[in-house]
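Structural characterization, general
Listed below, chain by chain, are the residues.
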Amino acid sequence: MKRRSFITSAATVSAGMVATPKVWGKDLPNYDPQGLKGNIHHSACYWCYNSIPLDQFLSDLSGLGVKAIDLVGPEDWPLLKKHNIHASMCWGAEINLTDGWCDPEFHKQLIKNYSEMIPKVAEAGYTNLICFSGSRRGMDDEEGLQNSVRGLKNILSLAEKHGVVIQMELLNSKVDHADYMCDKTKWGVALCEALGSDNFKLLYDIYHMQIMEGDVIRTIEQYKDYIGHYHTGGNPGRHEIDETQELYYPAIMEAILKTGFKGYVAQEFIPSWEDKIAALKQGVQICDV
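One structure accompanies this document, and this report is about it. Given the structure is predicted, the values throughout are model-derived calculations rather than measurements.

1. Digging into the packing of helix α4 (residues 107–123) against helix α5 (residues 141–162)
- With their axes 10 Å apart at the nearest point, α4 and α5 run at an angle of 20° to one another. In terms of axis orientation, α4 runs roughly parallel to α5. Between α4 and α5 the crossing geometry is right-handed. Each of H107, I111, Y114, S115, I118, P119 and A122 in α4 lies in contact with α5, whose residues at this interface are N147, R150, G151, N154, I155, L158, A159 and H162.

2. A few points about the pairing of strand β3 (residues 86–90)
- Burial of β3 is extensive: 4 of the 5 residues sit out of reach of the surface.
- When strand β2 (residues 68–72) meets β3, the two strands line up parallel, connected through 4 bridges. Looking at β3, one finds that I69 is bridged to A87.
- In this view, the connection linking β2 to its parallel neighbour β3 by way of helix α3 (residues 77–83) has right-handed handedness.

3. Here's the deal with unusual backbone geometry
- A cis amide bond links N235 with the next residue in sequence, P236, at an omega value of 0°.
- With respect to the helices and strands, P236 occurs in the loop between β7 (227–231) and α9 (249–258).
- The backbone of N84 sits at a positive phi, close to 60°, despite the residue not being glycine.
- For N84, the position within the fold is in the loop between α3 and β3.
- Of note, the phi angle at D215 is positive, near 50°, even though the residue is not glycine.
- Locating D215 in the fold gives a position in the loop between α7 (206–212) and α8 (216–222).
- Its relative accessible area of 43% is what places D215 among the partly exposed residues.

Conventions and cut-offs
Residues numbered from 1 in each chain as written. Predicted model: local features only at pLDDT ≥ 70, side-chain atom pairs only at ≥ 80, totals over all residues. Heavy atoms only, no water. Axes fitted to C-alpha atoms, helices over the stretch in contact; angles between N-to-C directions. Helix = DSSP H or I, 4+ residues; strand = E, 2+ residues; numbered from the N terminus. Parallel < 35°, antiparallel > 145°, perpendicular 65-115°, else oblique. Left-handed = near helix turned anticlockwise from the far one by under 90°. Contact = heavy atoms within 4.5 Å. Buried < 20%, exposed > 50% of the residue type's maximum accessible area, 1.4 Å probe, protein only. Pairing = 2+ DSSP bridges. Right-handed = clockwise from strand over helix to strand, strands pointing away.

Function cannot be inferred from these measures alone, as they are strictly geometric.
Written out as structure tokens, the structure is:
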């Protein structure tokens, strides 16, 4: 085919595509909470919706057919029991996002906090407990890694005893969390390998790792054995996960399923819509592959 003919044909095809675009966020079918496919175990991070009282939000989750919530502590668990909503990622043992396991200065307090929280998580019937590397404060990767190993080893036998999985979240240090140590998947994987326990995993935040690394699907495939949980979010802006951003979540969810993942995927985008529950509903539909 001559170049001129090819260009003309391509232009015709392009025009047809533009005339009938497939807008994958806005053209979703009517929502049926009973019709969720069950392949993805859906959850949502409460802090993104905390302008809604927790009691009401849990009722909203039930109405969407979402059976879990992320980032809740012991004070919230009685309400979860009332609504039959599972705590898919517990918190409350961490100090904050900056004072974490990579800095020995905080080990004593963290060991105390986690040693007290791990039995509580297990007794409540939950499994996952979040943790954070904290800030570098001038440390290089290797120093921070070895510090984290020394600190975390003090709580892993207790986690193993109670069947609790400690999950360190990968966060970006470029936009949201300057100086955060665990900002690359390979660093987190090295930590998992050094600890050598099935009770320590990575919380892979898709939004954060898109900013730091990209290549999300290949990374998920390569490091599937080290990932225990997922968070979503649109990039740029950390808003809805539809066609307004650069990540195509249906393909990402399909890749997660192909790894055999049986854990939870929690929506952690910050709704920009006035109706936050409608935004969450859309996010769940997009991820329900």
